[in-house]
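Here is how the chains run, residue by residue.
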Amino acid sequence: MTSLDPKLAWRQYVAAQRQQANPEFDMRTAIAGSMTVEPLEPHLGAYLLSKRFKPQITVSPFNQLRQICLDHRAVLGSGNLNAVVLLWRLEDLFPDMLTRCLHNPQALSDLLGELKSFSDSLAHLRKSFNGVLIVSTPSYPSMPGFELSDTGQASAGMTIFNAIAQFWAEEIGRLERVRLFDLHGLMLNTGMKQAHDLRKWMLYRQPYSEAFWQEIGRMVGRIISAEKISPKKCVVLDLDNTLWGGIIGEDGLGGIQLGDDFPGKAYRDFQRHLLYLKSKGVLLAIASKNNPDDAYEVFDKHDAMILSRKDIAAFEINWESKVESIKRVAKKLNIGVDSLVFVDDNRKEIGEVTERLPDVSCVMVPEELAYLPGLLAETDFFDFAEVTEEDRRRTEMMAADNIRQQTREAMSEEEFRKSLNLKIDVFAAQKQHLARVTQLINKTNQFTMTTIRRTQDEVKALANSKDALVLGMDIKDKYGDYGLVGVAILKKEHQSCVIDTLLMSCRVLGRGAEDTFIAKIAEAARTLECDEMRGKYIPTAKNGMVKDLYQRFNFSYDPQSDEWIVKLSEAPKIPEHIDAVLRLH
Amino acid sequence: VKQWDSLAAMKLVSAIEEKFKIRLSTKEIMKMSTIGLARKTLRSKNVAV
């Protein structure tokens, strides 16, 4: 029986795992803190369970942060950990120094010196630990002298805290691959008083209320999940009573509600949030039942519109069902419907989409419009492990795609391909490519042979290994730069080169990019001193499009190993119209 | 009880507060050193145990 209480669900899961002789876990997490952090376990566990992980959580003894940094295996065990979460507070690590800071300016620089040494030990941990490392930001101290209730003057505590926070941000910013958990921000969001439970602090060195632990569990869970779960790619928006109040077809340009006064303000702020999402690489699309001219007029002429036409990657304004419009948006943008979030104010439309396209995440405009601007901010739909350059430029790249599409329709396939001046660059992935490579590994569902997901640290380890190659592929044409759109991971096994991972973004298919990529992979395999390549096709619900890929390129199937094999001498040639290079160093 | 420590006490207090929707003061928590005393404290807060 499943329970509605998430903590209970976690306890039942832990009990069930204990019954098993060799339980399997895919997210072994250790949590440690400068305070008692036991209450985090059930909340974090429940969140990870809800995201379909099989988590194991170990809680390290109280206040062992330094020891963990110096030798994490000694404290956390030698088993393979996927993630380590470190929560710390200024008032636990440096209580006396903090108090001195209030009276003596010199004390602050001493404290910063201590922080520097703490961040140096974190750097050491980062080097010795390969999994995901999550560290909290300094939070405003809950201690005498730092009260925020003085009348008539700015709090001295806040000035000190700001200096500390800024110093820490610079220090931790120097470390690569440390995921920051904004404990201070979460505490602001919850409220200092709501977040703390002074009774439990006094009795058990456990500072937080149960409700705040739940918030922490959810936020840390989101950070961990973002390493492996792909975020949504596009918000499909209704127009009337979603992007503005009223109905444009009836109320007209002057009659709709959008501006500085409520309710127009709620819609306007919602648009601001959408623009922020766009800057993170989320695509925006419209699915609305309207006359296209009426709707475009608002985008082009209404003074209070935050979004402009160029911010929207796909418009579907017509009188057809939303289900059809949404399907067309997915097709136009070349993404699966499961990466769409649909926002509408109409319960019936939401119901129909939920029923006919269950993979689309539907969100209803709230009854209370004051909550509309924050509607998507509170969700985990757009949790990116890292925002890459490709993300920021996505809408512009889509615009270039539209021009390509129009040109293509005007000429033959052959002429079109030649006219593109395709340039393809295949290279061994360097440090600066790892975030994007990892992103593609974790979000590509269709053109992918094996769909093996990996964290950035795992990818990095492969890139540094001498028996493996992590290849990226960059594509440009005369209309623009696609950026890094293909990834292959090759592993040398004796004389054979195993294609562990082979994937491409669907946007670049069908112009000879596949042929080129496989030809360059073969070239790279030669440098590993191999004479053949082999690879598996692992079918999933979504990667049917590459079922015959290896066959197409003359690989032959070996039923014994369930692999496709080809001699390097028989690898495909690079099509004539493509200008391709391979760079391994 | 073997393995009984302050951590276990903290978890028990949290569970009691959650289960009976009450809030215990530090004095009340300190007093609850045996099952009998815990029952007495809870009854004083109108919890039927």
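Each remark here, short or long, concerns the structure printed above.
Keep in mind it's a predicted model, so treat the numbers as computed, not measured.

Draft legend 1. Representation of helix H8 (residues 156-173) of chain A within the structure. All names here are of chain A. For H8, with 18 residues, the first-to-last C-alpha span of 26 Å sits near the 26 Å given by 1.5 Å per residue. The set of residues buried in H8 consists of Gly157, Ile160, Phe161, Ile164, Phe167, Trp168, Glu171 and Ile172. All buried residues of H8 lie within an arc of 130 degrees about the axis, which places them on one face of the element. Among the exposed residues of H8, those oriented more than 90 degrees off its buried face are Thr159, Gln166 and Gly173. For H8, the elements touching its buried residues are helix H5 (90-93), helix H6 (95-101), helix H7 (105-128), strand E4 (132-136), strand E5 (178-181) and helix H9 (183-190).

Draft legend 2. Broad picture of the interface of chain B and chain A. Chain B puts 14 residues into the contact, and the matching count from chain A is eleven residues. Together, the buried faces of chain B and chain A total about 1100 Å²; carbon and sulfur atoms form 63% of this surface. Contact with chain A buries surface across chain B, with Met10(B), Glu18(B) and Thr26(B) losing the most and accounting together for 41% of the total. The tally of links between chain B and chain A comes to three salt bridges. For Lys200(A), the salt bridge identified is with Glu17(B), shortest N-O distance 3.8 Å. Inspection of the region where chain B meets chain A yields four residue pairs in polar contact (both at pLDDT 80 or more).

Draft legend 3. Local environment of the sheet that holds strand E17 (residues 563-567) of chain A. Residue and element names in this part refer to chain A. Across the sheet, eight strands lie side by side as E16-E17-E15-E14-E13-E12-E11-E18; this open sheet has mixed pairing. Strands at the two margins of the open sheet, each flanked by one partner only, are strand E16 (556-558) and strand E18 (579-583). On average, each strand axis in the sheet is tilted by 25 degrees relative to the strand beside it, whichever way the strands run. In this structure, E16 lies alongside E17, joined through three bridges in antiparallel fashion. Following the sheet pairing, Asp558 is matched in E17 by Glu563.

Draft legend 4. Quick peek at the pattern of salt bridges. All names here are of chain A. Counted according to the given criterion, the structure contains 41 salt bridges over all chains. Residue Glu532 pairs with Lys567 through a salt bridge whose shortest N-O separation is 3.6 Å. Separated by 35 residues along the polypeptide, Glu532 in strand E15 (residues 532-535) and Lys567 in strand E17 bring together distant segments of the chain. For Glu532, a relative accessible area of 16% puts it in the buried group. Three or more residues joined by partner-sharing salt bridges are found here, namely Glu493, Glu532, Arg534, Glu563 and Lys567.

Draft legend 5. A look at the sheet that holds strand E1 (residues 27-33) of chain A. Residue and element names in this part refer to chain A. Pairing in this open sheet of five strands is parallel, and the strands run E2-E1-E3-E4-E5 from one edge to the other. Pairing within the sheet leaves two strands with one partner each, and these edge strands are strand E2 (55-59) and E5. When strand polarity is set aside, the average angle formed by the axes of neighbouring strands in this sheet is 20 degrees.

About the thresholds
- Residues numbered from 1 in each chain as written.
- Chains lettered and ligands numbered in written order.
- Predicted model: local features only at pLDDT ≥ 70, side-chain atom pairs only at ≥ 80, totals over all residues.
- Heavy atoms only, no water.
- Helix = DSSP H or I, 4+ residues; strand = E, 2+ residues; numbered from the N terminus.
- Expected span 1.5 Å × (residues − 1).
- Buried < 20%, exposed > 50% of the residue type's maximum accessible area, 1.4 Å probe, protein only.
- Arc of directions from axis to C-beta.
- Contact = heavy atoms within 4.5 Å.
- Buried area = accessible area lost by both parts, 1.4 Å probe.
- Salt bridge = Lys/Arg side-chain N within 4 Å of Asp/Glu carboxyl O.
- Polar contact = N/O pair within 3.5 Å; in protein donor to acceptor, adjacent residues only side chain to side chain.
- Pairing = 2+ DSSP bridges.
- Axes fitted to C-alpha atoms, helices over the stretch in contact; angles between N-to-C directions.

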